Amino acid sequence: MLTINNYGSVINSGGTLRAQSLNINSNSSLISDHVSIGGHFFNSTNIINDAKVSGSRWLSDSLSVNNGRQLSVVDNGVVEVTTNLEVNSGGRVLLDGGVLTASNANITNGNLTINNKSGLTTENMSVGQSGSVHLNSGFIKISDDLINNGLIDIADDQLLTLMGNVSGSGSFIGETFLNGANVNPGNSPGTLSFGDTTWSDVLLNMEFAGFGSDQYDVININGDFNLLNSFAINFDFADGLDFDSIIGQSFNVLNVSGGFTGLDFASWDINFIDGWATYWSNDNDMWNLALNYEGNDNPPVDPNPSTAVPEPSTLLLMLLAFYFLMFS
């Protein structure tokens, strides 16, 4: 085990430092020469006080940043976490000219900030209710799953592209591009909010447990909505849903406060489940996609509802085919 105390530093100018674990106790640094970059390899790392990685490569099996402490990755520093990055209890991660990769990034109760063309690459990222991610300058690449129950804040001149599974009851502030993404609002049911957003080949998985503001999934778009092509909706009915109780009820599943581009209501072709109808409505300059259940002798109940986004063939598919539209 390597312990760094009292504002100490490890300066590595080309060789390799290895230890089973690392405890950083007092505002310490891992620094390498910017020309001949060394490496620091640890099986597990716990940031007990503030730490900085500058110009070096730091590989750790797991990494925890807790208790209000900060990890800074600066000046071409690289941190690679092979399993889990945990940011909790007010911990902070600052990427300012550096790069961080992790198989799993869990920002449970803390924040991660990306400045100065830095970047985060991860397979899975989870943002808790008290967690936040701030993309000021740089990139975030998520290959598989994003669970956002907190806040992801994207600067005005930045764009966050999402291509995997997106779920949670959190908020995106800023501009997003959902490209081939599967979207599952809430921890089901729940509400997921976006700012300005563009969609291409998006699949929504919407769960219905009953009628009421907290009993079915909702997507709010607090900005402009641009559709490049059609999107699809999978129905997921909660076990035990009383269909008689929702006859004639209207479910506003998609609410848009800004303008539309890419849609043409006149060429709107809908292939719908028996017993259901849909329409777009405008109320106080907000557009709503409303679903209405009008009744069916044999309502299509899913006996094994899932919060994960399934393949389209496993559920009843409603295809909203929006061809060409300009609406604002």
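Quick caveat, the model's predicted, so the values are computed rather than measured.

Peer 1: Before we move on, could you go through the overall build of the protein and cite the residues and values that matter?
Peer 2: Within the protein, the regular secondary structure consists of zero helices and 34 strands. Counting across all 328 residues of the protein, residues that qualify as buried make up 51%. When the accessible area of the protein is evaluated, it comes to approximately 13,900 Å², of which 44% is carbon and sulfur surface.

Peer 1: How would you summarise unusual backbone geometry if you had to cite specific residues and measurements?
Peer 2: At Lys117, a position not held by glycine, the phi torsion is positive, near 60 degrees. Note on placement: Lys117 falls in the loop between strand S12 (110-115) and strand S13 (118-127). What makes Lys117 exposed here is its relative accessible area of 72%. Unlike most non-glycine residues, Asp201 shows phi in positive territory, near 55 degrees. Among the secondary structure elements, Asp201 is positioned in the loop between strand S23 (197-200) and strand S24 (203-208).

Peer 1: Account for the packing of aromatic side chains, naming residues and giving values.
Peer 2: Evaluation of the coordinates by the stated rule reveals nine aromatic pairs. Aromatic side chains Phe208 and Phe251 sit 5.2 Å apart centroid to centroid with 90 degrees between the ring planes, which places their arrangement in the edge-to-face category. One end of the pair, Phe208, is in strand S24; the other, Phe251, is in strand S28 (residues 250-256), with 43 residues separating them in the sequence. Using a relative accessible area of 0% as the deciding quantity, one classes Phe251 as buried. Between Phe211 and Phe251, the aromatic rings sit 5.6 Å apart at their centres with planes inclined by 80 degrees, giving edge-to-face as the arrangement.

Peer 1: Could you give an account of the environment of Ile154, naming the residues involved and the relevant values?
Peer 2: Structurally, the position occupied by Ile154 is in strand S16 (residues 151-154). We classify Ile154 as buried; its relative accessible area is 2%. In contact with Ile154, not counting residues within four places along its chain, are Leu135, Leu159, Leu160, Ile173, Gly174, Glu175 and Thr176.

Peer 1: Describe the pairing of strand S20 (residues 176-179), naming the residues involved and giving the relevant values.
Peer 2: One ladder, built from three bridges, connects strand S17 (residues 160-162) with S20; its direction is parallel. If you follow Leu160 over to S20, its bridge partner there is Thr176. Relative to S23, S20 runs parallel, the two being bridged by four bridges. Among the inter-strand pairings, Phe177 is bridged to a residue of S23, identified as Thr198.

Peer 1: Describe the confidence of the model for the protein, with residues and values.
Peer 2: Mean pLDDT over the protein: 76, with 71% of residues reaching 70 or higher. Scored below 50 in pLDDT, residues 265-270 shows 20 contacts in the model against residues more than four places distant or in partner chains. Scored below 50 in pLDDT, residues 302-328 makes 98 contacts in the model with residues more than four places away or belonging to other chains.

Peer 1: Describe the side chain of Asn255, listing the residues and the values that go with them.
Peer 2: Within the secondary structure, Asn255 sits in strand S28. The class of Asn255 is buried, set by a relative accessible area of 9%. Side-chain polar atoms of Asn255 contact the side chain of Asn220, separated by 2.9 Å.

Peer 1: Break down the environment of Leu228 for me, with residues and values.
Peer 2: Residue placement: Leu228 occurs in the loop between strand S26 (225-227) and strand S27 (231-237). Spatially, the C-alpha atoms of Leu228 and Asn179 are 9.6 Å apart, while their sequence positions differ by 49 residues. In contact with Leu228, other than residues within four places in its own chain, are Phe177, Thr198, Trp199 and Ser200.

Peer 1: Would you mind going over the environment of Glu175 in detail, with residue names and values included?
Peer 2: When you line up the elements, Glu175 lands in the loop between strand S19 (171-173) and S20. Classification of Glu175 as partly exposed rests on a relative accessible area of 37%. Separated by 19 residues in the primary sequence, Glu175 and Asp156 place their C-alpha atoms 7.4 Å from one another. Leave out the neighbours within four places in its chain, and Glu175 touches Ile154, Gln158, Leu159, Leu160 and Asp196.

What counts as what
- Residues numbered from 1 in each chain as written.
- Predicted model: local features only at pLDDT ≥ 70, side-chain atom pairs only at ≥ 80, totals over all residues.
- Heavy atoms only, no water.
- Helix = DSSP H or I, 4+ residues; strand = E, 2+ residues; numbered from the N terminus.
- Buried < 20%, exposed > 50% of the residue type's maximum accessible area, 1.4 Å probe, protein only.
- Areas by Shrake-Rupley, 256 points an atom, 1.4 Å probe, with all protein chains shown as cover.
- Phe/Tyr/Trp six-rings, centres within 6.5 Å; stacked < 30°, edge-to-face > 60°.
- Contact = heavy atoms within 4.5 Å.
- Pairing = 2+ DSSP bridges.
- pLDDT = per-residue confidence, 0-100.
- Polar contact = N/O pair within 3.5 Å; in protein donor to acceptor, adjacent residues only side chain to side chain.

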